[in-house]
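# Residue-level structural notes
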Amino acid sequence: MPTFCLNTFTFSPFAGAPKPVDFAELLDGVRAAGFEALSLDAFTLAAYREAGASYEQLAAQVAAAGLTCPEMLGFVVAEDEASTLDGARQVAEAIAAFGASFALGMVTIAPDARCRDLFAGCAEIIAAAGGKAAVEFLPFSPVATVADARALVQHAGTDRAGVLVDSWHVFHGPGSLDDVRALPVAEFGYVQLDDHPRALGADADLYTECMTGRVMPGDGVFDLAAFRGAVEATGFDGVVSVEVINPELAAAGPAAFAEAAMAAVRRVWS
């Protein structure tokens, strides 16, 4: 049985939230809904630190709530090498403090030899902190397919990196579920689970739809039974993170959001 995790990025200022949600309220909502784990992001954590809380204090609150934090967002492989590696160091600090398993990484440059080396450098920094670099393929980025992500993981080494498979990017990207089925479990990082209310045309603004319009698993048009089947065909049995980025749903507050997310994941993955 996988570990179900609530991705809390929708409550991040980076995702459009007016301010960070109260941390204790967030943990109470996640725990009450029945989740074992939650994901956190470096942007929100920076805001908590500015308000006077240390990583150690926040991590102690997570542990006291009986939760773990397997997923930490994130770092970006970009044109500037120094800022890319600095971003990896920042997320590595959070990885070490919270004992997270994965640091989510995105790529904004062509996945050529230089990019592969730069991603491997980030993975090395994150591995030293006790985690793995999870590369996310995105249909609106240079790393748009499972194959693109696999090339980076193979170069960095499966002991340091894995592919993040997000249902949103599978169903709205140029690849298919066959690409997921063909992913060796050794190269598999973890899963992000979500849905979308409608099919998108070729002229759709994928970035905006991705960042504002997701719905709970099972409430949209994705064939999540087929997605689950493709994932399980690889032998994967790790972290399944419910990542629904939707300001309207988040406005209900952490408790209601977490309860709806748990009900949804139970419908589609249990």
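The paragraphs below set out a description of the structure included in this document. (Residues numbered from 1 in each chain as written. Predicted model: local features only at pLDDT ≥ 70, side-chain atom pairs only at ≥ 80, totals over all residues. Heavy atoms only, no water.)

Moving on: the nonpolar core. Generally speaking, a soluble globular protein has its nonpolar side chains buried in company with each other. In this structure, Met72, Phe98 and Phe227 are the most contacted members of the largest nonpolar core, which totals 95 residues. Considering each element in turn, this core owes the most residues, eight residues, to helix 12 (residues 254-269). If we skip the residues at most four places from it in the chain, Phe98 touches Leu40, Leu45, Tyr55, Leu58, Ala59, Val62, Cys69 and Met72. (Core = buried A, V, L, I, M, F, W, Y, C linked by side-chain atoms within 4.5 Å. Buried < 20%, exposed > 50% of the residue type's maximum accessible area, 1.4 Å probe, protein only. Helix = DSSP H or I, 4+ residues; strand = E, 2+ residues; numbered from the N terminus. Contact = heavy atoms within 4.5 Å.)

Turning our eyes to something else, we now look at helix 10 (residues 224-233). Within helix 10 the residues assigned to the buried category are Leu224, Phe227, Ala230 and Val231. Taken around the axis of helix 10, the buried residues stretch over an arc of 115°, which confines them to a single face. For helix 10, the exposed residues set more than 90 degrees away from the buried face come down to Ala225 and Ala233. Where helix 10 is buried, its residues meet strand 6 (161-166), helix 7 (167-172), helix 8 (177-181), strand 7 (188-193) and helix 12. (Arc of directions from axis to C-beta.)

Turning to helix 1 (residues 23-33), a few remarks are in order. Residues Phe23, Leu26, Leu27, Gly29, Val30 and Ala33 constitute the buried set of helix 1. The buried residues of helix 1 occupy an angular sector of 160° when projected down its axis, which confines them to one face. Close packing links the buried residues of helix 1 with strand 1 (3-7), strand 2 (37-41), helix 2 (42-50), helix 3 (55-64) and helix 12. Of the residues that open helix 1, the one with a side-chain oxygen 3.3 Å from the backbone nitrogen of Ala24 is Asp22. (Polar contact = N/O pair within 3.5 Å; in protein donor to acceptor, adjacent residues only side chain to side chain.)

Take unusual backbone geometry next. A cis amide bond, omega -10°, links Leu73 with the succeeding residue Gly74. Relative to the helices and strands, Gly74 is located in strand 3 (residues 71-77).

Here the focus is the packing of aromatic side chains. Tallied over the entire structure, the rule returns twelve aromatic pairs. Ring geometry for Phe102 against Tyr190: centres 4.9 Å apart, planes inclined by 35°, an arrangement best described as tilted. Here the residue Phe102 occupies a position in strand 4 (residues 102-107), and Tyr190 occupies one in strand 7, the gap between them amounting to 88 residues. No difference in accessibility class separates Phe102 from Tyr190, as the two residues are buried. Put simply, the rings of Phe171, Phe222, Phe227 and Trp269 touch in pairs and so form one group of aromatic residues. Directly above the aromatic system of Tyr55 lies the positively charged group of Arg49, at a separation of 3.9 Å from the ring centroid. (Phe/Tyr/Trp six-rings, centres within 6.5 Å; stacked < 30°, edge-to-face > 60°. Lys NZ or Arg CZ within 6 Å of the ring centre and 35° of its normal.)

Below, the discussion takes up the side chain of Asn246. With respect to the secondary-structure elements, Asn246 resides in the loop between strand 8 (239-242) and helix 11 (247-250). Here the side chain of Asn246 touches Glu248 through a polar contact of 3.0 Å, landing on its backbone nitrogen. Apart from the residues within four sequence positions on either side, Asn246 is in contact with Thr10, Thr212, Gly213, Arg214 and Val215.

What follows covers the packing of helix 4 (residues 81-98) against helix 5 (residues 113-128). Put simply, helix 4 and helix 5 touch, their axes get as near as 8 Å, and they point 25° apart. In terms of orientation, helix 4 lies roughly parallel with respect to helix 5. Crossing angle aside, the handedness with which helix 4 passes helix 5 is right-handed. Taking contact as the criterion, the partners of Glu81, Thr84, Leu85, Ala88, Arg89, Val91 and Ala92 in helix 4 are, on helix 5, Arg114, Leu118, Gly121, Cys122, Ile125 and Ile126. (Axes fitted to C-alpha atoms, helices over the stretch in contact; angles between N-to-C directions. Parallel < 35°, antiparallel > 145°, perpendicular 65-115°, else oblique. Left-handed = near helix turned anticlockwise from the far one by under 90°.)

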